[in-house]
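Each chain, written out:
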Amino acid sequence: MGKKISIVVSVYNEELGLQQFYDHTTPILQKASQDTGWDYQLIFVNDGSRDGSLDLLKEFASQDEKVAVVNFAANRGHEAAMIAGIDYADGDGIVCMDADLQHPPEAIPGIIEKFNQGYDVISMIRTARADAGIFKRITSAAFYVVMNKLSGKTKFENNSSDFFAISARVAKVLRQDYRERVRFLRGYVQNVGFKKTTLEFEAQARVAGESNYNIKSLVKLSLNAICNFSDAPLKMGIYAGLLSIFAAVILLIYSIVQYFLGTAPDGYSTIIVVLCVMFGVLFIILGFISEYLAIIFAEVKSRPIYVLDSIITKDGEELK
Ligand code: UDP
Ligand code: MG
């Protein structure tokens, strides 16, 4: 039996660029299929789009037997969409990519070659970002520095992206053992183990529409990632406490000396400063504890990562 590659594409309000994505990607996949002997499957995960994306996807599926649409009942976010695609995919290799052509499908033949060489995890590394301003570049670089400092043994590839490929056995591990509600999929993929490699790609500008990630969702993603892979923030309280005690001792000695010199200062400003610093530290720590509590809460509730509405293929629509 020949091998098969599954392409998982997450779609949220992408009606402006989807046709272009499909028209651009299909011939590349067909050619790759001829050249490498790997069959392909194109899985679109519709993450509760509110525009005409679903109608377009249905159209692709109705004329193309290679296309399957995994249709969510509601928006669950990019990671949930990738997870659903991985759950549905039955290829020997699975590639996750964006629907806006920022992840060039031209890279797919290279990915297949890596699979043929026996690799299980292929991280796609951005070399340039056509769309990102200086702010996004700096924050994203800072994120990886902080992540790698905090997470101990677990290491994250700088400039990795939601463009990656995994073998069927990695997918099996993700399906069975990585079902957390709060997660950092990219981090899991890079740290499950197996034989890993990287490929470079140049991120293109979006073909159409706007990025769905705003500052707020990026902050949330980063916080989740940090709290999920590191318990360092939880331990911050100990160091902050030690530091405060140290500062308090210095202040105490200083005050006693001043008292005996007869130049005891007016204590008002000291009190205010100390109070502000202490409360600041306290609330930051409290915030972090709440963050972990929220994660535990989400896990304990154990709601599904996504809810399916239907699966659509050329054979028709199967309601879930
Ligand atoms: N996406 C999704 N669900 C969401 C938000 C985004 O499936 O709630 C998809 C989106 O359609 C795109 C990919 O995730 O294919 C990446 O999103 P986007 O391009 O907005 O992010 P950026 O590339 O700017 O980081
Ligand atoms: Mg994008």
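Calculation criteria
Residues numbered from 1 in each chain as written. Chains lettered and ligands numbered in written order. Predicted model: local features only at pLDDT ≥ 70, side-chain atom pairs only at ≥ 80, totals over all residues. Heavy atoms only, no water. Core = buried A, V, L, I, M, F, W, Y, C linked by side-chain atoms within 4.5 Å. Buried < 20%, exposed > 50% of the residue type's maximum accessible area, 1.4 Å probe, protein only. Contact = heavy atoms within 4.5 Å. Phe/Tyr/Trp six-rings, centres within 6.5 Å; stacked < 30°, edge-to-face > 60°. Helix = DSSP H or I, 4+ residues; strand = E, 2+ residues; numbered from the N terminus. Lys NZ or Arg CZ within 6 Å of the ring centre and 35° of its normal. Donors = N, O, S within 2.8 Å, 3.2 Å for Na, K, Ca; no water. Axes fitted to C-alpha atoms, helices over the stretch in contact; angles between N-to-C directions. Parallel < 35°, antiparallel > 145°, perpendicular 65-115°, else oblique. Left-handed = near helix turned anticlockwise from the far one by under 90°. Nonpolar A, V, L, I, M, F, W, Y, C, P; charged D, E, K, R; others polar.

(A) Focus on the nonpolar core. Residues Ile7, Val9, Leu42, Phe44 and Ile111 are the most contacted members of the largest nonpolar core, which totals 37 residues. Not counting chain neighbours up to four residues away, the residues in contact with Leu42 comprise Ile7, Val9, Tyr22, Leu29, Lys66, Val67 and Ala68. Among the nonpolar cores identified, the runner-up in size contains 36 residues, and Ala81, Phe164, Val189 and Phe229 belong to it.

(B) Region of interest: the packing of aromatic side chains. Going through the model one piece at a time under the given rule, you end up with seven aromatic pairs. Summarising the aromatic geometry, the rings of Phe21 and Phe44 are spaced 6.0 Å apart at their centres and angled 75° between planes, so their arrangement reads as edge-to-face. Residue Phe21 is found in helix α1 (residues 15–36), and its partner Phe44 is found in strand β2 (residues 39–46); the two are separated by 23 residues along the sequence. Under the relative-accessibility criterion, Phe21 is labelled buried at 0%. Take Phe44: its relative accessible area is 0%, and that puts it in the buried class. When the centroid spacing of 5.1 Å and the interplanar angle of 75° are considered together, the rings of Phe143 and Tyr144 count as edge-to-face. Both residues of the pair, Phe143 and Tyr144, belong to the buried class. In this arrangement the basic side chain of Lys66 is found over the ring face of Tyr40, its NZ or CZ atom lying 5.4 Å from the centre.

(C) Examining the coordination of the magnesium ion (ligand 2) more closely. Looking at the magnesium ion (ligand 2), one finds its protein donor set to be Asp100 (OD) and Gln102 (OE1), positioned 1.9 to 2.0 Å from the metal centre. Exposure remark for Asp100: the relative accessible area of 3% places this residue in the buried category. On the basis of relative accessibility, which here comes to 14%, the residue Gln102 falls in the buried class.

(D) Representation of the packing of α1 against helix α2 (residues 53–63) within the structure. Two elements in contact, α1 and α2, have axes whose closest approach is 9 Å; the angle formed by their N-to-C orientations is 20°. Considered as vectors, α1 and α2 are oriented roughly parallel to each other. The handedness of the crossing between α1 and α2 comes out as right-handed. Where α1 approaches α2, its residues Glu15, Leu18, Gln19 and Tyr22 are matched on the opposing element by Ser53, Leu56, Leu57 and Phe60. Within the contact of α1 with α2, the residues separate by chemical class into five nonpolar, two polar and one charged.

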